[in-house]
Amino acid sequence: MSAMEAKSSEALFERACRTLPGGVNSPVRAFKSVRNIPVFIREAKGAWLTGSDGKRYIDCIGSWGPMILGHAEPSVLQAIGEAAAKGTSFGAATEPEIDMAEFLARTVPSVELSRLTSSGTEAVMGALRVARGFTGRDLVVKCVGAYHGGADYLLVKAGSGLATLGEPDSAGVPAAIAGTTRLVPHNDLAAVEALFKAEGNNIAAVIVEPVAGNMGCVPPAPQWLEGLRALTQAHGALLVFDEVMTGFRVAFGGAQVRYGVTPDLTCMGKVVGGGLPLGAYGGRRDIMSCVAPLGPVYQAGTLSGNPVAVAAGMATLQALEAEGTYARLEAIGASVGAALEAGAAAARVSFPKAPPVQVQRVGSMVTAFFSATPVTHYDEAAACDLEAFAHWHKALLDRGVYWPPSQFEAAFLSLAHDDAVLATMNTAIADAFLEVAKAR
Ligand code: KE4
């Protein structure tokens, strides 16, 4: 333990709740859905987090995706230091922003022009405003259970009446705004087809997480992405891939490379910022030419393209371009996926009443669903045994593994999860399943 004295998460959480809503700056961090209090983190290195009390954890969240190289990676820290030494923000054009735009144009199939933002939410808002401006249409289609950041018209749930009509899913979202969104079940092409038949001439865009991560990890059903590509093309709507989570996570260049489907617009965040605030949206030249000051769609940001964030992002992306990176990430993901399946199976052999588990994984993002059947859309995720998940999450935490505190999130592994880390982690996974099974 360094010179800093140990501080319990309990004490820090109590103090935080006096001046921060719910004690956090983003809801999922509050551990509410696992009925626990958040672990306050003091520092991190590689695959390891150190709590405010000095306890160490193997990190399976990676700041919700960005830390794919591992924490405090030397090349990233050096890039940040060198950039910051030249000044942290100019609010002016800089060459590093051109370097990043050229990198994205070279590596992401859908991107010819791109605009940098400071978050994934802003990237999505920019992309969908461009889609509406380019098509002159108002409606946006999203999947039930998908999360695309905090824009009002995306914080919607399926209406009880018209199954597809968006209703506010957060206080403060006017019904009129939610009403510009239509909802379809994830992986349900027939539902999208029906919607286009009914309102196709007013649909500006379909936005999708090509691999859903915000209902837990749900891979695209066969022909789902291809079908969306064809339907949007046929009806003059734009296909928007929200690759904030999957971009440079499931493949170099994103899910559009992994699945061979090229959208009209792509939203990025997380990994492209290397742990600093940076998002991006980009696409076909004719579409992105709508963006101000070139075109009539306004979108701006004081810190957009911030030189320190761009430095962190570029260092991360350049490291990911190294030969063998994604083979290594696949092997790491496969090791954890196998440990999850083996641990759950062994627990059921010892205790037949143990809750059933479905492991769903794409590359280095993975979810253990406490479900007897595979999860292909949100309703099936919502039917999971959330009690069992919460118990399992705490059992992992007690064994030093920091897993996403929600059944509806994906775990993210990093290149720093080496064989020694995986051995420790996979043992904890097996023991946690046994603990849950015994309690049944
Ligand atoms: P940000 O505004 O949080 O950078 O990105 C929003 C966003 C957009 N699209 C997708 C597919 C996303 O997953 C996200 C953000 N993801 C969540 C985790 N599920 C971020 C964690 C949080 O909200 O604290």
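Structure first, text after, so check above.
Since we're looking at a predicted model, the values are computed, not measured.

Asker: Sorry, what's going on with the packing of aromatic side chains here?
Answerer: Each aromatic ring pair is summarised here by two numbers: the centre-to-centre distance and the angle between the ring planes. Overall, the coordinates contain 14 aromatic pairs when judged by the stated rule. Of the aromatic side chains, those joined through ring pairs into one cluster are F370, F389, W392, W403 and F433. Above the face of the Y153 ring, R132 is positioned so that its terminal group lies 4.6 Å from the ring centre.

Asker: For this particular structure, what's the right way to read the sheet that holds strand 3 (residues 56-59)?
Answerer: Where strands meet in a sheet, backbone hydrogen bonds hold them as pairs that are either parallel or antiparallel. In space, the 4 strands of this open sheet follow the order 1-2-3-15, with mixed pairing throughout. Each of the sheet's edge strands pairs with one partner strand only, and the pair in question is strand 1 (41-45) and strand 15 (401-402). Across 4 bridges, the pairing between strand 1 and strand 2 (residues 48-51) is antiparallel. When the sheet's bridge partners are listed, I41 is paired in strand 2 with G51.

Asker: Help me understand the pairing of strand 8 (residues 181-184) in this model?
Answerer: Residues in a regular strand project their side chains so that they alternate between the two faces of the sheet. Side chains T181 and L183 project from strand 8 onto one buried face, and the interleaved R182 and V184 project onto a second face that is buried too. Examined bridge by bridge, strand 5 (residues 139-143) and strand 8 share 4 bridges and lie parallel to one another. Note on strand 8: the bridge partner recorded for V140 is T181.

Asker: Mind showing me how you'd approach unusual backbone geometry here?
Answerer: Residues other than glycine predominantly adopt negative phi, and peptide bonds predominantly adopt the trans conformation. With an omega dihedral of 10°, the bond running from A292 to P293 counts as a cis peptide bond. Here P293 shows up in the loop between helix 9 (285-288) and helix 10 (307-320). Positive phi, close to 70°, is recorded for W64, a residue that is not glycine. Tracing the sequence through the fold places W64 in the loop between strand 3 and helix 2 (74-85). Residue classification places W64 among the buried positions, given a relative accessible area of 16%.

Asker: Please clarify how the pattern of salt bridges should be interpreted in this entry.
Answerer: Two side chains bearing opposite charge may form a pair once their charged atoms approach each other closely. For the structure shown, the criterion picks out 14 salt bridges. For E321, the salt bridge goes to R106, with nearest N and O atoms at 2.7 Å. In this pair, E321 sits in the loop between helix 10 and helix 11 (325-350) while R106 sits in helix 3 (residues 95-107), placing the two residues 215 residues apart along the sequence. Residue class for R106 comes out exposed when judged on its relative accessible area of 53%. A salt bridge links K394 to D398, with the nearest nitrogen and oxygen atoms 3.0 Å apart. Of this pair, K394 and D398 both sit in helix 13 (residues 386-398), separated by 4 residues, roughly a single helical turn. For K394, a relative accessible area of 40% corresponds to the partly exposed category. Each of R229, D264, R284 and D286 takes part in one network of salt bridges that share partners.

Asker: Explain the site of the ligand to me, please; I cannot follow it from the model alone.
Answerer: The environment of the ligand is formed by 16 residues, the closest being S26, T121, N214, D242 and E409. In this structure, an oxygen atom belonging to the ligand sits 2.6 Å away from a side-chain N or O atom of S26. In the environment of the ligand, a nitrogen atom lies 2.7 Å from a nitrogen or oxygen atom belonging to the side chain of D242. In the complex, the protein chains occlude 85% of the 540 Å² of accessible area that the ligand would expose alone. Along the lines of polarity and charge, the residues of the shell around the ligand split into 5 nonpolar, 7 polar and 4 charged.

Calculation criteria
- Residues numbered from 1 in each chain as written.
- Predicted model: local features only at pLDDT ≥ 70, side-chain atom pairs only at ≥ 80, totals over all residues.
- Heavy atoms only, no water.
- Phe/Tyr/Trp six-rings, centres within 6.5 Å; stacked < 30°, edge-to-face > 60°.
- Lys NZ or Arg CZ within 6 Å of the ring centre and 35° of its normal.
- Pairing = 2+ DSSP bridges.
- Helix = DSSP H or I, 4+ residues; strand = E, 2+ residues; numbered from the N terminus.
- Buried < 20%, exposed > 50% of the residue type's maximum accessible area, 1.4 Å probe, protein only.
- Salt bridge = Lys/Arg side-chain N within 4 Å of Asp/Glu carboxyl O.
- Near = heavy atom within 4 Å.
- Polar contact = N/O pair within 3.5 Å; in protein donor to acceptor, adjacent residues only side chain to side chain.
- Areas by Shrake-Rupley, 256 points an atom, 1.4 Å probe, with all protein chains shown as cover.
- Nonpolar A, V, L, I, M, F, W, Y, C, P; charged D, E, K, R; others polar.

By themselves, these are just geometric observations and shouldn't be taken as functional.
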